[in-house]
Protein chains: 2
Amino acid sequence: MRPYTVGRLMSLINRISQRELAEKLKPHDIGSGGQHSYLRAILATPGMNQDKLTNVVKFDKATTTRCIRQLEEAGYVTRTVDEQDRRSYRLFPTERAISFEPTLQAILDDYNRLLTARLTADEIETLQALLQKMYLGLDTSALNLDE
Amino acid sequence: MRPYTVGRLMSLINRISQRELAEKLKPHDIGSGGQHSYLRAILATPGMNQDKLTNVVKFDKATTTRCIRQLEEAGYVTRTVDEQDRRSYRLFPTERAISFEPTLQAILDDYNRLLTARLTADEIETLQALLQKMYLGLDTSALNLDE
DNA sequence: GACACTTGGTTGCGGGCGCAACTAAATTCG
DNA sequence: CGAATTTAGTTGCGCCCGCAACCAAGTGTC
């Protein structure tokens, strides 16, 4: 029973668990990838433009365009041209998004609980701290963790 | 500076780091996804069929078909019909694969080292143990960890 | 031995995502 | 001011991957 490397484990866990999360989000018309990250970010700080948002969620700006479009089509987000800078769009949650927020939070909490079901509270804390450290080592632009 | 959840961290770390691994593998004609997992598995236990392999690497069997085809085209793997069961193919590493193995191992080691660059040896061990626990909690069919 | 059932593998389809090239609005600088 | 540069966002392209439907070879069961 040879243990996997850290990289392999992360990849495995991620791939398998993300699918379960996707299934829980699908009934709410939210796609399987980072879409929920975008929605949460917009709920947390309404009025951002896509560029800011891209930095927050750490995807590509092309991905942002597509995810936002889907969230818009699903009725979660509205885009209004920023009159101060007519290139950019300010993003706001709709009524649907606002009333959906608790459910979304519950789903994500559930997901994290499922993920760490076998760990004690202490272990989760340790794990989180270690992952955070890893993450900081990886992304040199990760100095603002205020999503 | 609000800390991320475990799920979010894993997703972030994975996405960002996998891209770096992909870049290191690309010069060797190995695709960005799980292709290297397949190659390693075939090197470790030559002669498996695709079904077994699928279970080992934990992808979908369709993905297996495609990854193996690419590895075959890149000259790393040969497929021979199993005369005992003419539906299945037995997979073997080529000369190229065998002579590439140390390099592959070095790349993967590098990758893991980069990933955990900020952690002490003890911390890595802890992390690995915790991830392993998570993984076992997730995948009920993960009883044979003998990739 | 013919029929249903299972099993190994392939293909079609669709979603997710990053990179690079592009458009249009803003900014800089002579 | 007008030309060059930067910046917000979009689109085209290609890779990765899972699901479901499919095909062909093997395994029953009668």
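See the structure above.
Residues numbered from 1 in each chain as written. Chains lettered and ligands numbered in written order. Predicted model: local features only at pLDDT ≥ 70, side-chain atom pairs only at ≥ 80, totals over all residues. Heavy atoms only, no water.

Trainee: Would you take a moment to explain helix H4 (residues 61–73) of chain A for this structure?
Mentor: Side chains that are three or four residues apart share a direction in an α-helix, a result of its 3.6 residues per turn. Residues and elements named next belong to chain A. Over its 13 residues, H4 extends 18 Å from the first C-alpha to the last, a length consistent with the 18 Å expected when each residue adds 1.5 Å. Regarding H4, the residues found buried are Thr64, Cys67, Ile68 and Leu71. All buried residues of H4 lie within an arc of 100 degrees about the axis, which places them on one face of the element. On its buried face, H4 is in contact with helix H2 (35–44), helix H3 (50–57), strand E1 (77–81) and strand E2 (89–93). The N-cap residue of H4 is Asp60: its side-chain oxygen and the backbone nitrogen of Ala62 are 2.8 Å apart. Just past H4, the residue Gly75 takes up positive phi, approximately 85 degrees. (Helix = DSSP H or I, 4+ residues; strand = E, 2+ residues; numbered from the N terminus. Expected span 1.5 Å × (residues − 1). Buried < 20%, exposed > 50% of the residue type's maximum accessible area, 1.4 Å probe, protein only. Arc of directions from axis to C-beta. Contact = heavy atoms within 4.5 Å. Polar contact = N/O pair within 3.5 Å; in protein donor to acceptor, adjacent residues only side chain to side chain.)

Trainee: Sorry, what's going on with the protein's contact with DNA strand C here?
Mentor: Taken together, 28 residues form the shell around DNA strand C, and within it A:Arg86, B:Asp51, B:Lys61, B:Arg79 and B:Arg87 come nearest. Each atom of DNA strand C within 4 Å of the protein was assigned to sugar, phosphate or base; sugar and phosphate come to 70%. A distance of 2.9 Å separates a base oxygen of DNA strand C from a polar atom in the side chain of A:Arg66. Between DNA strand C and the protein, one listed contact pairs a phosphate oxygen with a side-chain N or O atom of B:Arg69 at 3.3 Å. Elements represented by at least two residues in the surface near DNA strand C include exactly H4 of chain A together with helix H1 (6–25), helix H3 (50–57) and helix H4 (61–73) of chain B. (Near = heavy atom within 4 Å.)

Trainee: Would you explain the nonpolar core in this entry?
Mentor: In a soluble, globular protein the nonpolar side chains are often hidden away together inside. Counting residues in each nonpolar core, the largest one holds 81 residues, and the members touching the most others are A:Leu39, A:Leu131, B:Leu39 and B:Leu131. Residues in contact with B:Leu131, not counting those within four places in the same chain, are A:Val6, A:Leu9, A:Met10, A:Ile13, A:Leu127 and B:Met10. (Core = buried A, V, L, I, M, F, W, Y, C linked by side-chain atoms within 4.5 Å.)

Trainee: Just checking my understanding: could you explain the relation of the copies chain B and chain A for this structure?
Mentor: Put simply, the two copies of the chain differ by a rotation about an axis and a shift along that axis. Mapping chain B onto chain A leaves a residual RMSD of 0.0 Å; the transformation is a rotation of 180 degrees accompanied by 0.0 Å of translation along its axis. Interpreted geometrically, this transformation is the action of a two-fold axis. Of the interface residues in chain B, 100% have counterparts in chain A that sit at the interface too, so the contact is made through matching surfaces. (Least-squares fit on C-alpha atoms with pLDDT ≥ 70 in both.)

Trainee: Would you explain the packing of H2(A) against H4(A) in this entry?
Mentor: Each packed pair of helices is defined by two parameters, the angle between the axes and the distance between the axes. Residue and element names in this part refer to chain A. H4 packs onto H2 with a crossing angle of 75 degrees between their chain directions and a minimal axis gap of 10 Å. If you check the angle between H2 and H4, you find them roughly perpendicular. Residues Gln35, Tyr38, Leu39 and Ile42 of H2 pack against Thr63, Thr64, Cys67, Ile68, Gln70 and Leu71 of H4. Looking at the contact of H2 with H4, its residues break down into six nonpolar, four polar and no charged. (Axes fitted to C-alpha atoms, helices over the stretch in contact; angles between N-to-C directions. Parallel < 35°, antiparallel > 145°, perpendicular 65-115°, else oblique. Nonpolar A, V, L, I, M, F, W, Y, C, P; charged D, E, K, R; others polar.)

Trainee: Whenever I open this one, the protein's contact with DNA strand D confuses me. Can you help?
Mentor: Around DNA strand D sit 28 residues, and of these A:Asp51, A:Lys61, A:Arg79, A:Arg87 and B:Arg66 come closest. If you look at DNA strand D and keep only atoms within 4 Å of the protein, 70% of those are sugar or phosphate atoms. Here a phosphate oxygen of DNA strand D and a side-chain polar atom of A:Thr65 are 2.9 Å apart. One of the side-chain N or O atoms of A:Arg66 is found 3.4 Å from a base oxygen in DNA strand D. At the level of elements, helix H1 (6–25), H3 and H4 of chain A together with H4 of chain B are the ones that each hand at least two residues to the surface near DNA strand D. The element that contributes the greatest number of residues to the surface near DNA strand D is H4(A), accounting for five residues.

Trainee: Just to check I follow, could you spell out H1(A) for this structure?
Mentor: Spanning 20 residues, H1(A) covers 28 Å between terminal C-alpha atoms, matching the ideal 28 Å at 1.5 Å per step. Counting buried positions along H1(A) yields 15 of 20 residues, so the element is predominantly enclosed.

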